Amino acid sequence: MDHRDALDDLDPGATLAAVEARVVARRAVEVEDLVLVCHWADLHGSDPRRGPDGGRVWDGADRLVEIGGDGTPLVRELCLPELAVARRTHTVSTRSAVADALDLRHRLPRVWALLLAGGCEPWVARRVASISRRLDRDQVGLVDAAVADAIAGESPGRVIELAQAKVIEADPAGYAERLRLELARRYVGRSRVDEHGLCAVIARIEVGPAEFLDALVDRIADALDQRRHLDPTLAPDLRADATRDELRAEAFGWLAHPDRVLDLLEAPQALDEPAEPTQSPEPTQSPEPTARRRPVRVVRPRVVAYVHLHEAALHRWGVARVEHLGPLLVERLRGLFGDAVIELKPVVDLGDQVRVNAYEHPESVKERVHLRTIGDVFPHATRVTRRVDLDHCVPYQQQGPAGQTEGQTGDHNAAPLGRTEHRAKTHLGYTVRQLGPGDYVWRTPHRLYRRVDATGTHPIDPEDAEQLIADADLDRALDRIEHEFRQAS
């Protein structure tokens with residue numbers, strides 16, 4: 001049957017239902033593959049160098065090997081190529097699948113149970129198994145417990161970051177040793193020069209200096225872009241309509257000339273301008289020639305960093321989460337910030353609730369909303385960023401109910417959204433209600449329902465969702481009546 005003929009009968013709602021059904025079916029097929037991989041390993045778990053009576057025999061060179069992490073059963077090494085043929089993949093890829101499947105079944109039982117029930121994406125579960133493979137069978141339990149609580153609802157990026165943090169927390173000494181070895185592999189190099197006289201500069205360095213270097217290149221590029229029209233000698237090779245990449249490449253080259261960089265960033269109006277000659281009285285005797293020394297100027301970078309940590313993380317092996325960088329040992333924060341200018345800000349009380357009369361959300365509200373949500377709250381969103389629009393869940397009305405505009409903006413009516421999702425919500429008939437701090441219920445135009453909270457995105461029964469939306473609207477109406485009563489009295 002032509003698939004197009006079958007699809008012609010599907011309206012938008014039925015199409016979305018079919019898509020959801022295929023997600024469930026796809027997950028089931030991928031899980032079945034992992035189950036079969038485990039069964040193949042079970043069939044090849046006996047020692048090929050021992051006969052039925054327990055004595056040693058010679059069978060060619062096959063042997064039992066540990067493919068998964070600590071606590072997984074040994075598997076015959078030479079059984080993998082045939083399994084790879086059946087799976088139509090390379091032996092290395094199949095070996096990774098066997099390792100992941102065995103780790104999930106034997107080392108991450110809670111995640112494995114969710115996987116068998118279709119409650120998470122198989123590739124995310126496999127990634128967690130791979131990340132945690134270095135841990136022993138006891139340490140990995142910390143990862144299993146934390147990930148099992150998050151993997152069903154959180155975005156893949158957040159689950160993977162959580163797994164990485166728990167791996168550090170479970171074995172901080174091992175992580176520190178691996179870090180020491182990786183630091184020894186740092187390098188800076190360049191490629192061969194091509195026929196145009198260009199080459200690539202490649203570096204593997206710590207994230208702190210890399211962030212500062214990236215920011216410095218941006219600053220130089222901005223300064224060049226602002227000045228090059230006034231002084232063409234600054235960057236004579238740049239086209240008038242140079243792209244951002246071209247500007248940053250030019251700026252990177254300027255790093256070879258620190259004095260010029262300082263002039264550009266500190267006193268751009270004096271750059272490349274010859275000093276005015278000055279008349280001085282004739283000296284009575286010729287002084288000894290002395291070298292002219294340039295004053296030493298230090299430009300300390302300013303950095304805005306958001307570090308999230310629990311009180312327990314202040315102990316020796318605590319783990320902090322740095323926005324945009326991921327989990328790090330607390331002791332690594334000093335190396336991350338270097339000699340940057342650091343401004344400490346007070347702890348934000350997430351229990352505060354503020355309402356204002358203006359349309360724009362005040363900065364205090366924006367900060368609390370971000371700390372509660374850590375990014376976009378559109379269903380299944382993956383963005384962990386502050387670069388979002390802060391939308392009114394219930395649209396702001398310039399002339400509010402009963403002529404009132406007070407109190408429509410605040411913690412109670414704020415949803416961080418990506419720009420595209422914000423536009424879709426505004427123009428296409430989405431409904432979202434905020435049930436509490438960081439807790440939202442969504443209804444799409446074709447009536448798909450989701451609840452987004454601190455544990456991620458969860459499908460929700462349509463009747464339950466409609467009741468939550470109605471309850472939220474009722475609470476809002478009661479708040480308005482109470483407000484009007486206070487105003488009248």
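Residues numbered from 1 in each chain as written. Predicted model: local features only at pLDDT ≥ 70, side-chain atom pairs only at ≥ 80, totals over all residues. Heavy atoms only, no water.

Digging into the pairing of strand β6 (residues 319-322)
Moving on, step 1. On β6, burial covers both faces: Val-319 and Arg-321 on one face and Ala-320 and Val-322 on the other are all buried.
Moving on, step 2. In this sheet, β6 lies alongside strand β5 (residues 307-308) in antiparallel orientation, the contact comprising 2 bridges. Bridging across to β6, His-308 finds its partner in Arg-321.
Moving on, step 3. Bridge count between β6 and strand β7 (residues 326-329): 4 bridges; the pairing is antiparallel. In the strand pairing of β7, Val-319 is matched with Leu-329.
Moving on, step 4. Between β6 and β7, which follow one another and run antiparallel, lie 3 residues, and His-324 among them has a positive phi close to 75°. (Buried < 20%, exposed > 50% of the residue type's maximum accessible area, 1.4 Å probe, protein only. Helix = DSSP H or I, 4+ residues; strand = E, 2+ residues; numbered from the N terminus. Pairing = 2+ DSSP bridges.)

A word on unusual backbone geometry
Moving on, step 1. Even without being glycine, His-380 reaches a positive phi, approximately 65°.
Moving on, step 2. Relative to the assigned elements, His-380 resides in the loop between α14 (363-373) and β9 (389-391).
Moving on, step 3. With a phi angle near 60°, Arg-447 is a residue other than glycine that sits in the positive phi range.

Comments concerning the confidence of the model for the protein chain
Parts of the prediction with low pLDDT should not have their coordinates interpreted in detail.
Moving on, step 1. This prediction gives the protein chain a mean pLDDT of 83; 82% of its residues lie at or above 70.
Moving on, step 2. Ignoring residues within four places in sequence, the model shows residues 268-281, a span with pLDDT below 50, making 14 contacts including any to other chains.
Moving on, step 3. Here residues 286-293 is modelled with pLDDT under 50, and outside its nearest four sequence neighbours on either side it reaches 0 contacts, counting other chains as well. (pLDDT = per-residue confidence, 0-100. Contact = heavy atoms within 4.5 Å.)

Comments concerning the pairing of strand β15 (residues 456-459)
Moving on, step 1. Bridge count for strand β14 (residues 449-453) against β15 is 4 bridges, and the pairing is antiparallel. Paired with Arg-450 across the two strands is Pro-459, which belongs to β15.
Moving on, step 2. The hairpin formed by β14 and β15 contains 2 residues between the paired strands.

Topic: the sheet that holds β14
Moving on, step 1. The strand order across the open sheet formed by 4 strands is β12-β13-β14-β15, and the pairing between neighbours is antiparallel. This sheet does not close on itself; its edge strands, each paired only once, are β12 (431-436) and β15. Neighbour to neighbour, the strand axes of the sheet diverge by 20° on average, direction disregarded. (Axes fitted to C-alpha atoms, helices over the stretch in contact; angles between N-to-C directions.)

Concerning the packing of helix α7 (residues 140-150) against helix α8 (residues 156-170)
Moving on, step 1. Axis separation between α7 and α8 bottoms out at 9 Å; the angle between their running directions is 160°. When the axes of α7 and α8 are compared, the pair comes out roughly antiparallel. At the point where α7 passes α8, the crossing takes the right-handed sense. Facing α7, whose interface residues are Leu-142, Val-143, Ala-146, Val-147 and Ala-150, α8 presents Val-159, Leu-162, Ala-163, Lys-166, Val-167, Glu-169 and Ala-170.
Moving on, step 2. For the contact of α7 with α8, the residue count by class is 10 nonpolar, no polar and 2 charged. (Parallel < 35°, antiparallel > 145°, perpendicular 65-115°, else oblique. Left-handed = near helix turned anticlockwise from the far one by under 90°. Nonpolar A, V, L, I, M, F, W, Y, C, P; charged D, E, K, R; others polar.)

So, α14
Moving on, step 1. Taken as a whole, α14 has its buried residues at Val-365, Arg-368, Val-369, His-370, Leu-371, Arg-372 and Thr-373.
Moving on, step 2. Those residues of α14 that are buried are in contact with α8, β5, β9, β10 (409-410), β11 (415-417) and β13 (439-443).
Moving on, step 3. Just beyond α14, the residue with positive phi is Ile-374, at close to 60°.

What to know about the packing of aromatic side chains
Moving on, step 1. Counting across every chain of the model gives 3 aromatic pairs.
Moving on, step 2. With centroids separated by 6.3 Å and ring planes inclined at 80°, the aromatic side chains of Tyr-430 and Trp-442 adopt a geometry described as edge-to-face. Pair noted here: Tyr-430 is in the loop between α15 (419-427) and β12 and Trp-442 is in strand β13, with a separation of 12 residues, a long-range link.
Moving on, step 3. Judged by relative accessible area, Trp-442 falls into the buried class, the value being 1%.
Moving on, step 4. Feature note: the residues Phe-378, Tyr-430 and Trp-442 constitute an aromatic cluster, connected by ring pairs.
Moving on, step 5. Across the ring face of Trp-254, the terminal group of Arg-260 is positioned such that the distance to the ring centre comes to 4.4 Å. (Phe/Tyr/Trp six-rings, centres within 6.5 Å; stacked < 30°, edge-to-face > 60°. Lys NZ or Arg CZ within 6 Å of the ring centre and 35° of its normal.)

Some points on the packing of helix α6 (residues 122-131) against α8
Moving on, step 1. Where α6 meets α8, the axes come as close as 10 Å, and the angle between the chain directions of the two elements is 20°. Considered as vectors, α6 and α8 are oriented roughly parallel to each other. Pair α6 / α8 crosses with right-handed handedness. Facing Trp-123, Val-124, Arg-127, Val-128 and Ile-131 of α6, the residues of α8 in contact are Pro-156, Val-159, Ile-160, Ala-163, Gln-164 and Val-167.
Moving on, step 2. A breakdown of the residues in the contact of α6 with α8 according to their chemical character gives 9 nonpolar, 1 polar and 1 charged.

Some points on the sheet that holds β7
Moving on, step 1. The strand order across the open sheet formed by 3 strands is β5-β6-β7, and the pairing between neighbours is antiparallel. The open sheet has two edge strands, β5 and β7, and neither has a second partner.
Moving on, step 2. Sitting on the sheet, α8 is in contact with β6 and β7, with an inclination near 10° to β7.

What to know about the nonpolar core
Moving on, step 1. The biggest cluster of nonpolar side chains holds 37 residues, and the ones touching the most others in it are Val-98, Leu-104, Val-111, Leu-115, Val-147 and Ile-151.
Moving on, step 2. Mapped onto this core, the elements with two or more residues apiece are α2 (12-43), α3 (80-87), α4 (91-106), α5 (109-116), α6, α7 and α8. (Core = buried A, V, L, I, M, F, W, Y, C linked by side-chain atoms within 4.5 Å.)

So, the pattern of salt bridges
Moving on, step 1. Taken as a whole, this structure holds 34 salt bridges when the rule is applied.
Moving on, step 2. Two residues, Arg-419 and Asp-389, come together in a salt bridge whose shortest N-O distance is 2.5 Å. One end of the pair, Arg-419, is in helix α15; the other, Asp-389, is in strand β9, with 30 residues separating them in the sequence.
Moving on, step 3. Connected through salt bridges with shared partners, the residues Asp-100, Asp-103, Arg-107, Arg-126 and Arg-133 form a single ionic network. (Salt bridge = Lys/Arg side-chain N within 4 Å of Asp/Glu carboxyl O.)

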